[in-house]
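These are the residues of each chain, in order.
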Amino acid sequence: DGVVDEGSAADAATYYADADKDGYGDKSSSTKACALPTGYSADSTDCDDADKTVNPAATEVCDDVDEDCDGVVDDNATNASTWYTDADKDDYGDASTATKACDAPSGTIANSADCDDSDDGVYPGAPEFCDDVDNDCDSTIDEDATDAELFFEDADNDGYGNADSTVESCELPSGYSFDDTDCD
């Protein structure tokens, strides 16, 4: 017919339009040829042939676009944030429950400083109470407790303390008394 190696050749390959020139073609736009034509690719897996940053080898980022053409938007995004479960809903999460996602999954928070995620009264900066619990997550129990009692120094151990020499504590310290009426 005067034409050599036309697309109707028995062993012609299928090539796919690669409009964005990323090396991946559009499976909905193909041609048959014996050699790769300009503007085409042998690969048909491009999911957006108008954007060269979107193809099966692209890196997924948080932007509501399926860059890597796997059918899932923002999965394994390189710029995903870390989120922590906040089971007690005190706005502090449990560091042992980290998960990466573009947006906060339900019941999670970005803060991981909770030392007891089962008690909403225990979190960094919480008021400390005389309860043998580290309420404020500072690794010290019952220090500066809001419900600590005032005790009076009893230097002579007679059971009566000096009203001018006091200490606040959750328990009666040695050398102190509940009574502040010692006159000497």
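Residues numbered from 1 in each chain as written. Predicted model: local features only at pLDDT ≥ 70, side-chain atom pairs only at ≥ 80, totals over all residues. Heavy atoms only, no water.

**Here we look at the environment of Val72**
And step 1. For Val72, the location among the structural elements is in the loop between β3 (40-41) and β4 (81-85).
And step 2. Along the chain, Val72 and Asp158 lie 86 residues apart, while their C-alpha atoms are 77 Å from each other.
And step 3. If we skip the residues at most four places from it in the chain, Val72 touches Glu60 and Asp66. (Helix = DSSP H or I, 4+ residues; strand = E, 2+ residues; numbered from the N terminus. Contact = heavy atoms within 4.5 Å.)

**What to know about the packing of aromatic side chains**
And step 1. Under the defined criterion, the tally for this structure stands at two aromatic pairs.
And step 2. Look at Tyr92 and Tyr123: their rings are 5.4 Å apart centre to centre, the planes differ by 10°, and that puts the pair in the stacked class. Taken together, the positions of Tyr92 in the loop between β4 and β5 (99-101) and Tyr123 in the loop between β6 (108-109) and β7 (149-153) put the pair 31 residues apart, joining distant regions of the chain.
And step 3. With a relative accessible area of 23%, Tyr123 lands in the partly exposed category. (Phe/Tyr/Trp six-rings, centres within 6.5 Å; stacked < 30°, edge-to-face > 60°. Buried < 20%, exposed > 50% of the residue type's maximum accessible area, 1.4 Å probe, protein only.)

**A look at the side chain of Asp114**
And step 1. Its place among the elements puts Asp114 in the loop between β6 and β7.
And step 2. As a buried residue without a salt bridge, Asp114 has its nearest oppositely charged side chain in Lys89, at a separation of 11 Å.
And step 3. A distance of 3.1 Å separates a polar side-chain atom of Asp114 from the backbone nitrogen of Asp116.
And step 4. Apart from residues no more than four positions distant in its own chain, Asp114 is found in contact with Asp88, Asp90, Tyr92, Gly93, Val122, Tyr123, Pro124 and Cys137. (Lys, Arg positive; Asp, Glu negative; His and termini not counted. Salt bridge = Lys/Arg side-chain N within 4 Å of Asp/Glu carboxyl O. Polar contact = N/O pair within 3.5 Å; in protein donor to acceptor, adjacent residues only side chain to side chain.)

**As for a negative patch on the surface**
And step 1. A surface patch of like charges, here negative, comprises Asp119, Asp120, Asp131, Asp132, Asp147, Glu149 and Glu171.
And step 2. Mapped onto the secondary structure, Asp120 falls in the loop between β6 and β7. (Patch = residues over 30% accessible without salt bridge, like charges linked within 9 Å, V, L, I, M, F, W, Y side chains within 5 Å. Areas by Shrake-Rupley, 256 points an atom, 1.4 Å probe, with all protein chains shown as cover. Charge placed at Lys NZ, Arg CZ, Asp CG, Glu CD.)

**Things to note about the sheet that holds strand β8 (residues 162-169)**
For sheets, the rule is that strands pair by backbone hydrogen bonds, running either parallel or antiparallel.
And step 1. The antiparallel open sheet is built from three strands, whose spatial order is β8-β7-β9. Across the chains shown, the open sheet's two edge strands, defined by having one partner strand only, are β8 and β9 (176-177).
And step 2. Taken together, the five bridges between β7 and β8 define a ladder with antiparallel strand orientation. When the bridges of β8 are listed, Glu149 appears paired with Ser169. (Pairing = 2+ DSSP bridges.)

**Considerations on unusual backbone geometry**
And step 1. Here Lys21, not a glycine, exhibits a phi torsion of approximately 55°, which is positive.
And step 2. Positive phi, normally seen in glycine, also occurs at Cys69, with a value near 55°.
And step 3. Within the secondary structure, Cys69 is located in the loop between β3 and β4.

**Section: the state of the cysteines**
And step 1. Here the structure, examined in full by the defined rule, presents four disulfides.
And step 2. Paired by a disulfide, Cys130 and Cys170 hold their sulfur atoms 1.9 Å apart. An S-S torsion of about -80° defines the bridge between Cys130 and Cys170 as left-handed. Taken together, the positions of Cys130 in the loop between β6 and β7 and Cys170 in the loop between β8 and β9 put the pair 40 residues apart, joining distant regions of the chain. (Disulfide = S-S within 2.5 Å.)

**Examining the sheet that holds β3**
And step 1. Sheet architecture is open: three strands sit in the order β2-β1-β3, paired in antiparallel fashion. In this open sheet, the two edge strands, each paired with only one partner strand, are β2 (26-33) and β3.
And step 2. With two bridges connecting them, strand β1 (residues 13-17) and β3 associate as antiparallel partners. The residue bridging Ala17 from the neighbouring strand is Tyr40, located in β3.

**Examining the confidence of the model for the protein chain**
And step 1. Within the protein chain, residue pLDDT values average 94, and 96% of them lie at 70 or more.
And step 2. No element of the protein chain has a lower mean pLDDT than β2, at 95, and none a higher one than β4, at 98. (pLDDT = per-residue confidence, 0-100.)

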